[in-house]
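Secondary and tertiary structure notes
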Amino acid sequence: MSSSTPTPRIDQPIEPAALTGTERGAGQEQHGARAHSDGAWASKIPVQTRSERPQSGDIDAFAAVTGREVNWKFAPLDKVAPLLAGGLDGSAYPFLATQTDGADVEWARSDEPRVGTAGLPEDRAAAAAWTARDAVLAVTVKATDAHESIAITRSDFGQQPRAAHTVITAEPNAQGIVVIDNRGSALLSENIEIVVQDNARLTVVTVQDWADDAVHISTHFAEVGRDAFLKHVVVSLGGDVVRVNPSTHLGAQGADVEMYGVYFADAGQYIEQQVYVNHDAPNSRSRVNYKGALQGAGAHTVWIGDVLIGRTAPGTDSYEQNRNLVLTDGTRADSIPNLEIETGDIAGAGHASATGRFDDEQLFYLQARGIPEEEARRLVVLGFLVEVIQKIGAPELEERLIAAVEQELLEGKTVLAAPITDASLTETSV
């Protein structure tokens, strides 16, 4: 560079002299200002809110996951990588089903018309499973005078990368419960669609009671109709990596959803839930309540709760909360509630998050009455988690889950965690 050429400042990058006016951004000059040669930053800004995420059933619509994405930054990518690469086996799998006369469970073709009626994938894992599906498990709850009941047990996925797709439909005025019980080993990515049509009342429960080596990514999409009600319950106890992300669209007036979750993470176990509620119609209601316990070195849980109250949803009544109970040192619980409100005409909205250890006064109270420390610890944990378990509404399943939590405590006997000085407790209401 000659001495007559001024040294450029950092905020004034030199443009190549060969560029034409069009290539440099002709038409963008105003009052001597000109766009930077790198330009186009608007298209490079990361997605800031859940409602802005792109949707597609094509895996090629999503870039390779790097771990820097907001929705993947906590996940152990080395373990879930086989489910992100594509080429999954999406064929039909063995299952056991018990059902009443007013419900159907059957295999349908991959082009089943109901596919996509509840939502579309928002990340690469869901898109990989969507693209790979060769069969669809169709569950239909019919409108009868009875409360229909369907229980589906799956335990034969094996250790090869698999995909699955389930569509659950509650017909107008139907009422019932669908339980999907997952056991055994698996390397599975799946999509579950739930359509609750007008005036129907449906409960959907998924139980992740996998073997210790299982890796499971599950994306749930729910569409709730006019004056319809959905109770959605996620129970995650077993597995190595379990990621269940449920989203609900309240797209008709009077739509109502209650979303519950209960989870127990042991040493080295990773459990994640990303919950999304989209209020998109007047006078809709939502309640989200997730509770978890952690014990053992390396136990890690993630809960991200997003609620959108759109401009078209006056009269919305919404609340979400997450509570985590830390039982031992060496655990980590990430809890991130988010609330996006686009209208001021609402009945109420709020969110809360808390993570902490045992209440010393509770333990002292029980021990002062002659209850041994381990028994007192068991009672406190059960009391904390049973509140959510009892929301299921299926007594036999509730008893089994309570016994499973007791077994978790029995197998994970360790000293109580030291006091947490930086435990977070935040609550916001509008």
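Positions within a chain are numbered from 1, following the residues in the order the chain's sequence is written. Selection of residues for local features in this predicted model requires a pLDDT of at least 70, selection of side-chain atom pairs for listing and counting requires 80 or more, and totals for whole chains, interfaces and linings are taken over all residues. Calculated side-chain values reflect all of the structure's heavy atoms, with hydrogen atoms and water omitted.

1. Focus on the pattern of salt bridges
Two side chains of opposite charge can pair, provided their charged atoms sit close to one another. In plain terms, the rule: The salt bridge definition used is simple: a Lys or Arg side-chain nitrogen within 4 Å of an Asp or Glu carboxyl oxygen. Going along the chain from the N terminus, every DSSP run of H or I of four or more residues is numbered as a helix, and every run of E of two or more is numbered as a strand. For every residue, the accessible area obtained with a 1.4 Å probe (protein chains only) is divided by the maximum for its type, and the residue is called buried under 20%, exposed over 50%, and partly exposed between those limits.
Inspection of the entire model under this criterion finds 19 salt bridges. In this structure, Asp104 engages Lys142 in a salt bridge whose closest nitrogen and oxygen atoms are separated by 3.1 Å. Of the two residues, Asp104 is situated in strand E2 (residues 103–109) and Lys142 in the loop between strand E3 (135–141) and strand E4 (148–154); the sequence distance between them amounts to 38 residues. Under the relative-accessibility criterion, Asp104 is labelled partly exposed at 28%. Note that Arg378 and Glu406 form a salt bridge whose closest N and O atoms lie 2.4 Å from each other. Of this pair, Arg378 sits in helix H5 (residues 373–389) while Glu406 sits in helix H6 (residues 395–411), and the two are 28 residues apart along the sequence. With a relative accessible area of 30%, Glu406 lands in the partly exposed category.

2. Some thoughts on the pairing of strand E5 (residues 161–170)
Filter applied, for reference: Any two strands between which DSSP finds at least two bridges are classified as paired.
By the criterion of burial, E5 is predominantly enclosed, with nine of the 10 residues buried. Where E5 meets strand E7 (residues 187–196), 10 bridges bridge the pair, whose relative direction is parallel. In the strand pairing of E7, Arg162 is matched with Leu188.

3. Comments concerning unusual backbone geometry
Within the chain, Asn199 stands out as a residue other than glycine whose phi angle is a positive 65°. With respect to the helices, strands and loops of the structure, Asn199 is situated in the loop between E7 and strand E8 (201–208). For Asn199, a relative accessible area of 41% puts it in the partly exposed group. At Asn283, a position not held by glycine, the phi torsion is positive, near 55°. With respect to the helices, strands and loops of the structure, Asn283 is situated in the loop between strand E13 (270–279) and strand E14 (285–294).

4. Brief notes about the packing of aromatic side chains
Basically, it comes down to this: In this scheme Phe, Tyr and Trp rings, the latter by its six-membered ring, pair at centre separations within 6.5 Å, and the angle between planes marks the pair as stacked below 30 degrees, edge-to-face above 60, and tilted otherwise. In this analysis the charged atom, NZ for Lys or CZ for Arg, is taken to sit over a ring once it is within 6 Å of the ring centre and within 35 degrees of the ring normal.
Taken as a whole, this structure holds seven aromatic pairs when the rule is applied. Look at Phe95 and Trp107: their rings are 5.9 Å apart centre to centre, the planes differ by 65°, and that puts the pair in the edge-to-face class. Placement of the pair is Phe95 in the loop between helix H2 (77–80) and strand E1 (96–99) and Trp107 in strand E2, with a sequence separation of 12 residues. Phe95 sits in the partly exposed class, given a relative accessible area of 24%. Relative to Phe221, the ring of Trp130 lies with its centre 6.1 Å away and its plane at 90°, an arrangement referred to as edge-to-face. Placement of Trp130 in helix H3 (residues 124–132) and of Phe221 in strand E9 (residues 215–224) is noted, with a sequence separation of 91 residues between them. Neither residue differs from the other here; Trp130 and Phe221 are each classed as buried. Through successive ring pairs, a cluster of aromatic residues spans Tyr93, Phe95, Trp107, Phe157 and Trp210. When the ring centre of Trp72 is taken as origin, the NZ or CZ atom of Arg243, which lies over that ring, is 3.7 Å away.

5. Let's talk about the side chain of Thr355
Put simply, the rule is: The term polar contact refers here to a pair of N or O atoms within 3.5 Å; inside protein, the definition further demands a hydrogen-donor-capable atom paired with an acceptor-capable atom, and it admits residues adjacent in sequence only when both atoms are side-chain atoms.
The topology assignment puts Thr355 in strand E18 (residues 348–357). At 3.4 Å, the side chain of Thr355 forms a polar contact with the side chain of Asn324.

6. Some details on empty space enclosed by the protein
The test is simple: For cavity detection a 1 Å grid was placed over the protein atoms alone, and a set of points counts as a cavity when a 1.4 Å probe fits there but cannot get out; an open set counts as a pocket when protein lies on both sides within 12 Å along at least five of seven lines, with lining residues being those that have an atom within 4 Å of a point. Grid points are joined across faces, edges and corners, and a volume is the space filled by probe spheres set on the points. Three classes are used, and their members are as follows: Ala, Val, Leu, Ile, Met, Phe, Trp, Tyr, Cys and Pro are nonpolar, Asp, Glu, Lys and Arg are charged, and the others, Gly among them, are polar.
A full pass over the atoms with the stated rule returns one cavity of 30 Å³ or more. Lining of the largest cavity is provided by Arg50, Arg53, Asn71, Glu122, Asp123, Thr219, His220, Phe221, Asn245 and Ser247. Elements represented by at least two residues in the lining of the largest cavity include exactly E9 and strand E11 (241–250). The element that contributes the greatest number of residues to the lining of the largest cavity is E9, accounting for three residues. Residues belonging to the lining of the largest cavity are distributed by class as follows: one nonpolar, five polar and four charged.

7. Observations concerning the nonpolar core
A general tendency of soluble globular proteins is for nonpolar side chains to be buried together. Rules: Nonpolar cores are built from buried Ala, Val, Leu, Ile, Met, Phe, Trp, Tyr and Cys residues. Side-chain atoms within 4.5 Å join them into one set. The contact criterion used is simple: two residues touch if any of their non-hydrogen atoms lie within 4.5 Å.
Core analysis: the largest hydrophobic core is formed by 51 residues, its most contacted members being Ile150, Ile168, Val178, Ile194, Val196, Leu202 and Leu230. Once residues lying within four places of it in the same chain are set aside, the contact partners of Val196 are Ala170, Leu202, Glu223, Val224, Gly225, Ala228, Phe229 and Leu230. Among the nonpolar cores identified, the runner-up in size contains 31 residues, and Val205, Ala293, Val381 and Ile392 belong to it.

8. A look at the packing of helix H4 (residues 360–367) against H5
For clarity, the cut-off: To obtain an axis, a line is fitted to C-alpha atoms, over the contacting stretch when the element is a helix, and the angle between two such axes runs from 0 to 180 degrees between their N-to-C directions. In these notes the angle categories are as follows: under 35 degrees is roughly parallel, over 145 is roughly antiparallel, 65 to 115 is roughly perpendicular, and the rest is oblique. Helix crossings fall into two classes, left-handed where the near helix is turned counterclockwise from the far one by less than a right angle and right-handed where it is turned clockwise.
It is the contact of H4 with H5, at a shortest axis distance of 9 Å, that shows an interaxial angle of 125°. Viewed along their axes, H4 and H5 adopt a mutual orientation that is oblique. The handedness of the crossing between H4 and H5 comes out as right-handed. Contacts between H4 and H5 involve Gln362, Leu363, Leu366 and Gln367 from the former and Glu373, Ala376, Arg377, Leu379 and Val380 from the latter. Partitioned by chemical class, the residues of the contact of H4 with H5 number five nonpolar, two polar and two charged.

9. Thoughts on the sheet that holds strand E15 (residues 300–309)
With mixed pairing, the nine strands of this open sheet are ordered in space as E2-E3-E5-E7-E9-E11-E13-E15-E17. On the outer flanks of this sheet lie E2 and strand E17 (332–341), each paired with one strand and no other. On average, each strand axis in the sheet is inclined to that of its neighbour by 10°, with strand direction left out of account. In this sheet, E3 lies alongside E2 in antiparallel orientation, the contact comprising seven bridges. Counted as the bridge partner of Ala108 is Val136 from E3.

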